[in-house]
Amino acid sequence: MQAIKSLLSPLSGNSNPIQDTLKLVVIGGTVETARRASVSAWNGFIDSFFLTAHFSQEDYPYDWLMHWLSKQPAWGRSREFDITTRSVSRHGLTQKTTGDLEDENEDEEDAGEFSQGGGRKRKVAIVPSMDTTHTIYYRGHWLRITRTKRFQDYGSCAELKISVVARNNDILKRLVLEAKREYEKDAEHRVHIFMADTTYGCWRWNGARQKRPMSSIVLEPGVKDMILADCKDFLSSEDWYAERGIPFRRGYLLHGVPGSGKTSLIHSLAGELGLDIYVVSLSSKGMSDNTLTTLMGNVPSRCILLLEDLDAAFTRGISRDESSTGVPTSSTSTSTTSSAKNKEDSDGSTLSLSGLLNSLDGVAAAEGRLLFATTNHIERLDPALSRPGRMDVWVNFKHATKWQAEGIFKCFFPAKSSAAPAPGAPSGAGASGSAPQAAAKHPGDATSAANLPESKRKRATHIPLLSEEEISELAKRFADAIPENELSVASLQGYLLRNKTRPRECVDEVAAW
Ligand SMILES: Nc1ncnc2c1ncn2[C@@H]1O[C@H](COP(=O)(O)OP(=O)(O)OP(=O)(O)O)[C@@H](O)[C@H]1O
């Protein structure tokens, strides 16, 4: 008692200033020591009783958890949170969370103020604010959730820390699985696209696109089925490859005229197989052997790796080194060499052919991915690039046949009845006369108003609904008027788009077009 009195005496009475200062230092030191001791005791308590899981923004579980958190009603009671139409996601880019991709009321007919003029309403999400600990009740446990920036200097990588008092980590496993399920359910109709960032040699999430149904791609009969079956077979053959010591990789080279559906097919396959797409443009600024190798080594095991416009890399000036085999045969590549070289020097692109080949199948190359490469000029490709093992399946995309013209017409104009023709029933195709084509069902045959989701059906009401017979007849007339193998499917699509509400007139006027 006497000691406390003497400690507090500088606050009350007159005494020696040096003594008083010393006493204040002792008081301050004691208080600070007590504070630190309590913090470390609390941390010790947390460490010994709480299980803590860390989720880095660089990995998928972070996205699952952020998506799950954005849906928690507990935010209604929270006193600090971020409200966003976007959320900080992969690699520090501001992106929408998966849950926010759709407008909340996009199907409602009464358009709100934000959706006037065709604009989409944006759903807002509530997510944990940075550096604040939130407590959420989940299945009988209190979760302590903290979102922090891991590399403060770069300010780019966030981390989520979830602590819970529990005997074992079952509750955290359940949480992650539930978040994953919800995320995947919401992402079910979407394909995630990642783009190569040559500056940092990493992948950046570029958005999630609606899946494109395979039925909307009109290719010659059998082509889609062949590629789809091949991809499925590959994805399920990991053990088979391992047993034989063959690298578990498969390459598809889609070549042919522009606007013939190469990119669309890849997009559609990704949706069908439930894979994300990782896109590399070899001619992008700053692309080098190292960057490409790092990028290729960092794709997840199950994904589609897309090398777009493979030939563009040559015409933009992939530098060729002594050790590379073969040369591009195109005169274009020769004639553009000097200008491409200048450009190459100015944009810092130092990709060599051997670097590209190494990244495709060198030791560091990822396994399990489906490599798709597209080109409009197969003749410009180095033979080493397209040899089996690198490109196992080649598919040539040509200008539209009459069969495709008929199919694309049917895709565009939905028929009144939902009943798709029975399998094997004549589709009205067979313009080219070959047996498999005559037997094949048009992709458009499966597309009818009744097959569309309710929301889309409402929006499609201004398109006149014709009977299946009439659509078939119009499609046939349309195909008859289209010259075989002269126009791209994209140009047919352009014409149909301009006439999307006038199916009959569109056919009447096609000859004049
Ligand atoms: N076979 C097809 N079936 C359905 N739509 C097609 C087809 N071919 C092209 N299209 C349409 O044309 C447009 C361009 O197609 P896409 O980008 O897939 O062609 P591409 O062959 O990849 O062209 P490029 O070589 O110029 O990149 C898309 O909007 C797509 O819907």
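Just above, that's the structure.
These lines cover the structure that appears in this document, whether it is placed above or below. Since this is a predicted model, take the numbers as computed values, not measurements.

### Some thoughts on the pattern of salt bridges
- Under the criterion given, the structure shown has 11 salt bridges.
- The residue glutamate 178 makes a salt bridge to arginine 139 at a minimum N-O spacing of 3.0 Å. Placement of the pair is glutamate 178 in helix 4 (residues 170-186) and arginine 139 in the loop between strand 6 (133-138) and strand 7 (141-149), with a sequence separation of 39 residues.
- The class for glutamate 178 is buried, based on a relative accessible area of 16%.
- Take arginine 139: its relative accessible area is 46%, and that puts it in the partly exposed class.
- Among the ionic pairs, glutamate 238 bridges to arginine 302, the shortest N-O distance being 3.0 Å. Separated by 64 residues along the polypeptide, glutamate 238 in helix 6 (residues 238-244) and arginine 302 in the loop between helix 8 (289-297) and strand 13 (304-308) bring together distant segments of the chain.

### Regarding the sheet that holds strand 7
- The strand order across the open sheet formed by 4 strands is 1-8-7-6, and the pairing between neighbours is antiparallel. With one partner strand each, in any of the chains shown, strand 1 (50-56) and strand 6 form the two edges of the open sheet. For this sheet the average axis-to-axis angle between neighbouring strands, irrespective of direction, equals 25°.
- Here helix 3 (residues 60-70) sits on the sheet in contact with strand 1, strand 6, strand 7 and strand 8 (158-165), set at roughly 70° to strand 8.

### Observations regarding the site of the ligand
- Contacts to the ligand come from 18 residues, most closely from Val218, Thr263, Ser264, Asn376 and Gln493.
- Separating a nitrogen atom of the ligand from a backbone N or O atom of valine 218 is a distance of 2.8 Å.
- Glycine 261 places a polar main-chain atom, nitrogen or oxygen, 3.0 Å from a nitrogen atom of the ligand.
- The set of elements that each furnish at least two residues to the shell around the ligand consists of helix 7 (262-273) and helix 17 (489-498).
- When the residues that make up the shell around the ligand are grouped by side-chain class, the tally is 8 nonpolar, 8 polar and 2 charged.

About the cut-offs
Residues numbered from 1 in each chain as written. Predicted model: local features only at pLDDT ≥ 70, side-chain atom pairs only at ≥ 80, totals over all residues. Heavy atoms only, no water. Salt bridge = Lys/Arg side-chain N within 4 Å of Asp/Glu carboxyl O. Helix = DSSP H or I, 4+ residues; strand = E, 2+ residues; numbered from the N terminus. Buried < 20%, exposed > 50% of the residue type's maximum accessible area, 1.4 Å probe, protein only. Pairing = 2+ DSSP bridges. Axes fitted to C-alpha atoms, helices over the stretch in contact; angles between N-to-C directions. Contact = heavy atoms within 4.5 Å. Near = heavy atom within 4 Å. Polar contact = N/O pair within 3.5 Å; in protein donor to acceptor, adjacent residues only side chain to side chain. Nonpolar A, V, L, I, M, F, W, Y, C, P; charged D, E, K, R; others polar.

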